[in-house]
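Topology and contacts: notes
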Amino acid sequence: MVHFISKRLQQSLILLFLASVVCFTLVVSAPGNVAVLIAELRGAVATPGYVEQVAEEIGLNKPLLMRYVDWFGDAVSGDFGISYRTGQDVSADLAARMSITGTLIAGSAIIATLLSLALGFLGALWPYKLPDRVSRGLALLGASTPTFFVGALMIYAFSVHFQLLPSFGFSGPETWVLPWLTVAVLPAAVLSRVVRIGLEEAMSSPFVLTAKSKGLSRTAILFRDALPNITPLFINALGTQVGLMTATAIIVEPLFSWQGLGDYFLAGVRFRDFMVVQACLLIFLTFFILVNLIVDLAVLLTDPRIRRQWS
Amino acid sequence: MQNEPLLSVKNLTVDLLTAKSALRPVDGVSYAIRQGQCLAIVGESGSGKTVMNFAPLGLMPTGVTTNLSGSVRFEGQELIGLSEPEVRKLRGKSIGFIFQDPMSALNPVRRIGRQIAEMAELHLNMSPRAAEARALDLVKLVGISDPAARLSQYPHELSGGLRQRIVIAIALAGEPKLLIADEPTTALDVTVQAQILRLLKDLQQRLNMAMVLITHDMGVVAGAADNIVVMYAARAAECGPVDKVLVNPRHPYTRGLINAIPRRDDPIGSEFRGLPGVPPTLGAPIQGCAFAPRCEFAVAACTRARPPMVPTADSNVCVACPVVNQGKAAA
C-alpha cells in the first residue's frame, strides 16, 4: 500500500514536470508579440524602440531555457509572476479564484454522481422497459447537447421563464445551482451509461447465478452484488469526467459571470497574458494529475484484487 | 414407497426460446428423489441435465425464455406455473445449489463471510452478528482450516478446493432439504475432487438431505449416489439403483458409457473405447430413439416411434429401448 502510493506519487511528479514543459512550450510558441501589446496597453506609442525596452524589461530577450527555468523555479515555490495586463500578482489572483472553480467542480461532481447512479439504476432495474428507454434517451440528449447551450437553456428556463434562480453571480447557494447543473449534465449523461452497461455486464456474471440461487431478488442482487463490482469502473470514469470539468469551467464561468479560474484563463488568452495562461494551464494539469492519483487510490480501496497486488 | 418423494419430476419438458432460436434441451423426463437419498444424473455435455434441474427453479440466464410443461413437485408443491417470487422463496431456503466452477461462482469484491452470512439473514431471520457466527460454524462444518480468518478474506485469496467448500457452505446456510450439485468436482484438481465428493456425501448423510448430483463422471456416481438417471439427447435413457445400473447396464447407451471407462487390465497403449458417432444436434426433431443412429443393436422399430420408459425384468430399473423391452410392451 505504502509502496503503491510512493510509486504513484513519483510518477505524478515526473508527469507534472513534463506537463510544465508542455505548458511553457505551447504558450511560447503562440503567435503575437506580447511586448507590443503591453506597450499599447500602457498607452504609449509602440515604437520599435519602446517595444524593445518592454521586451527587455519582462525578460523576453533571455534564452528560452533560461525563461523556463526562471518561471518553473518560481512556480514551484508558489510564485507565478506578475500579470502582464494588470500588473497584479498572479498567485494572489489564483488563490482568490480557485475556491470559486473548486465550488463549481465539487458541486457538479456530486450532482453528476447522484444523477448518473439514479439514471443508470433506473435502466438496470427495468431493463428494456420504459424507464430504461427514458434513461437512455436522457443520456443521449445530455451527451449530445453542447454545454454553452445547456447553460443558456438553464438561464432561460429557471431565471427568465420561471424566475426561480438568479442567472449570474457567485453569492450563496442559490446562485450555485444553475452552474452546477450546467456542468453536471454532460458527465451525468456519460456516466449513466457506464452505470447501466456496467450493471448489465455484472448481472450476467456467474456469481449472479449464485446470488439468484441464494434466493435474493433481482433488486437485492443489483445493489449487493452488481454495484460493488462496478464501483472501480465508475470511479475511473468519474475521475476522467471531473478532470475534464476544468475545460467546461472555461465555458460556464463566463456564462454565469463567475470569476473563477476558467474566466481568468479565458481573459489571459484574450490578452496574450502569458503569465496567467501558463499558471492556469499548470493548475489545470496539476488538478488532472491529482484527480487521477485520487482515482487510483480509490480504486485500490474498492477492488480487493488490485489491493492484493500491491500489498 | 409409502411416503411421497421429496422431489418428483414427471414428464418434464423444457423449451428454451432465445431471440434467434428455439431448443428443447429436456424432453419428457421423469424421476423422483426421497429425503436422505442421492440421485445422480449422468449424461454428456448438452444432454440437458443442468437445464432440467435449473429451469424449474428459475435459474436461467437473463434473456432466455423458458417454457416448461409436465410436473415438478417439491414437498407436494407444484413448481411449474409458480411465480418467480414464490420460486425464489424455495431457492436457498429449501433447496441449496452448488455450481460447477467455484472460481467464478463467488462475488470477487465481497468478503466471504458476508457472502455466507447473508443467507442466514435472509432465510433464518438472523441479525448480522448471529449470521456471522453461523457463517463461522458453516466454514468449520465444511472443513476449512483457520475458519475465522477465512471469513474476512476475498475469493481470489483462496484455492479452487477451498472456494468450492465456501460454495457448499453457502448452499447449506439456509438449512435446505435438497441439494442440487451441478458437476461440483469437474473444475477441480483430481486430488481435490475426491475430498469435495467425500465432504458432500458426508454432509448429505449427516444432515439427512436429499442430493441431486449432476455429473458425467461414473466414478463420482459409483461413490456417492443411490439412484441414477442416464440422459441422452434431452431424454432419459435408463434409470434405477446405482448398483444395478452400473453393474448390469441394459440400455445400449449406458453400456457404451460404462464400457468406455478405461480398465486396469487394458493393455498399455491400447486405444480408448469410445462410442461411435456424435450426439444429435439440439433443435432438430428426432423420430424414434435418439440413440438409434449410433446404436449397434438398432432395429427398424427404433426409428419409428419414441421408445417409452418402461420397467425391465428388474422392476426397479427402467429403460427406454425397444430392443431391451422387446415383447414386454405386448405383455
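Residues numbered from 1 in each chain as written. Chains lettered and ligands numbered in written order. Predicted model: local features only at pLDDT ≥ 70, side-chain atom pairs only at ≥ 80, totals over all residues. Heavy atoms only, no water.

**A few points about the UniProt feature "domain: ABC transmembrane type-1" (unreviewed entry) in chain A**
Threshold: UniProt positions are given in the numbering used here, feature names are shortened, and annotations may be inferred rather than shown by experiment. In this text, helices come from DSSP runs of H or I with a minimum length of four residues, and strands from runs of E with a minimum of two, each type numbered from the N-terminal end.
UniProt records the feature "domain: ABC transmembrane type-1" (unreviewed entry) for residues 98-295 of chain A in the present numbering. Annotation note: span residues 98-295 of chain A, helix share 84%, strand share 0%, distance between end C-alpha atoms 21 Å.

**So, the sheet that holds strand β1 (residues 7-17) of chain B**
Our working rule: At least two bridges found by DSSP between two strands are what make those strands a pair.
An order of β2-β1-β4-β5 (chain B) is seen for the 4 strands of this open sheet, with the pairing classed as antiparallel. The open sheet is flanked by β2 (22-33) and β5 (77-78) of chain B, the only strands paired with a single partner.

**Let's talk about the nonpolar core**
Definition in use: We call a set of buried Ala, Val, Leu, Ile, Met, Phe, Trp, Tyr and Cys residues a nonpolar core when their side-chain atoms join them within 4.5 Å. Working definition: with a 1.4 Å probe on protein chains only, accessible area under 20% of the residue-type maximum means buried, over 50% means exposed, and in between means partly exposed. Pairs of residues are marked as contacts when any of their non-hydrogen atoms sit within 4.5 Å.
Residues B:Tyr31, B:Ile116, B:Ile168, B:Leu178, B:Ile180 and B:Ile228 are the most contacted members of the largest nonpolar core, which totals 101 residues. Ignoring sequence-local partners within four residues, the contact set of B:Ile168 consists of B:Ile98, B:Val142, B:Ile196, B:Leu199, B:Leu200 and B:Leu203. Counting residues in each nonpolar core, the second largest holds 39 residues, with A:Val150, A:Leu216, A:Ala237 and A:Val291 among its members.

**Section: helix α4 (residues 64-76) of chain A**
In an α-helix there are 3.6 residues to a turn, and that puts residues three or four apart on one side. Residue and element names in this part refer to chain A. Stated precisely, the cut-off is as follows: Expected helix span is taken as 1.5 Å per residue step, with the number of steps being one fewer than the number of residues. Starting at the helix axis, one direction is taken to each C-beta atom, and the arc is that of these directions.
Between its terminal C-alpha atoms α4 stretches 18 Å, which fits the 18 Å expected from 13 residues at 1.5 Å a residue. Looking only at α4, the buried set comprises Arg67, Tyr68, Trp71 and Ala75. Relative to the axis of α4, the buried residues are bounded by an arc of 100° and lie together on one face. The exposed set on the far side of α4, more than 90 degrees from its buried face, consists of Leu65 and Val76. Of the surrounding elements, those touching the buried residues of α4 are α1 (2-28) and α12 (274-302).

**Looking at the pairing of strand β6 (residues 95-98) of chain B**
All names here are of chain B. Covered by surrounding structure in β6 are Ile95 and Phe97 together with Gly96 and Ile98, the residues of both alternating faces. Sheet topology note: the β6/strand β7 (residues 178-182) ladder contains 4 bridges and is parallel. Among the inter-strand pairings, isoleucine 95 is bridged to a residue of β7, identified as leucine 178.

**With respect to the packing of helix α11 (residues 261-270) of chain A against α12(A)**
All names here are of chain A. Condition: Angles here are taken between N-to-C directions and fall from 0 to 180 degrees, while the axes themselves are lines fitted to C-alpha atoms, restricted in helices to the stretch in contact. A crossing counts as left-handed when the near helix is turned anticlockwise from the far one by less than a right angle, and as right-handed when that turn is clockwise. Side-chain classes are defined by residue name, with Ala, Val, Leu, Ile, Met, Phe, Trp, Tyr, Cys and Pro counting as nonpolar, Asp, Glu, Lys and Arg as charged, and the others, Gly among them, as polar.
Running from amino to carboxyl end, α11 crosses α12 at an angle of 145°, the nearest separation of the two axes being 8 Å. Classified by chirality, the crossing of α12 by α11 is left-handed. Contacts between α11 and α12 involve Leu261, Gly262, Tyr264, Phe265, Gly268 and Val269 from the first element and Val276, Val277, Cys280, Leu281, Ile283 and Phe284 from the second. By residue class, the composition of the contact of α11 with α12 is 10 nonpolar, 2 polar and no charged.

**A word on the side chain of B:Asp15**
All names here are of chain B. Convention followed: Polar contacts, as counted here, are pairs of nitrogen or oxygen atoms within 3.5 Å of one another; within protein the pair requires one atom able to donate a hydrogen and one able to accept it, and residues that are adjacent in sequence qualify only if both atoms are side-chain atoms.
Within the secondary structure, aspartate 15 sits in strand β1. Polar side-chain contacts of aspartate 15 include one of 2.9 Å to the side chain of arginine 24. Residues contacting aspartate 15, with those up to four places away along its chain left out, are Leu23, Arg24, Pro25, Thr65, Thr66 and Asn67.

**Thoughts on the UniProt feature "transmembrane region" (unreviewed entry) in chain A**
All names here are of chain A. UniProt's entry tags residues 104-126, 138-157, 177-195, 233-256 and 276-301 with the feature "transmembrane region" (unreviewed entry), counted in the numbering of this structure. Its end C-alpha atoms 24 Å apart, residues 177-195 is made of 100% helix and 0% strand. A helix fraction of 96% and a strand fraction of 0% characterise residues 233-256, whose end C-alpha atoms lie 33 Å from each other.

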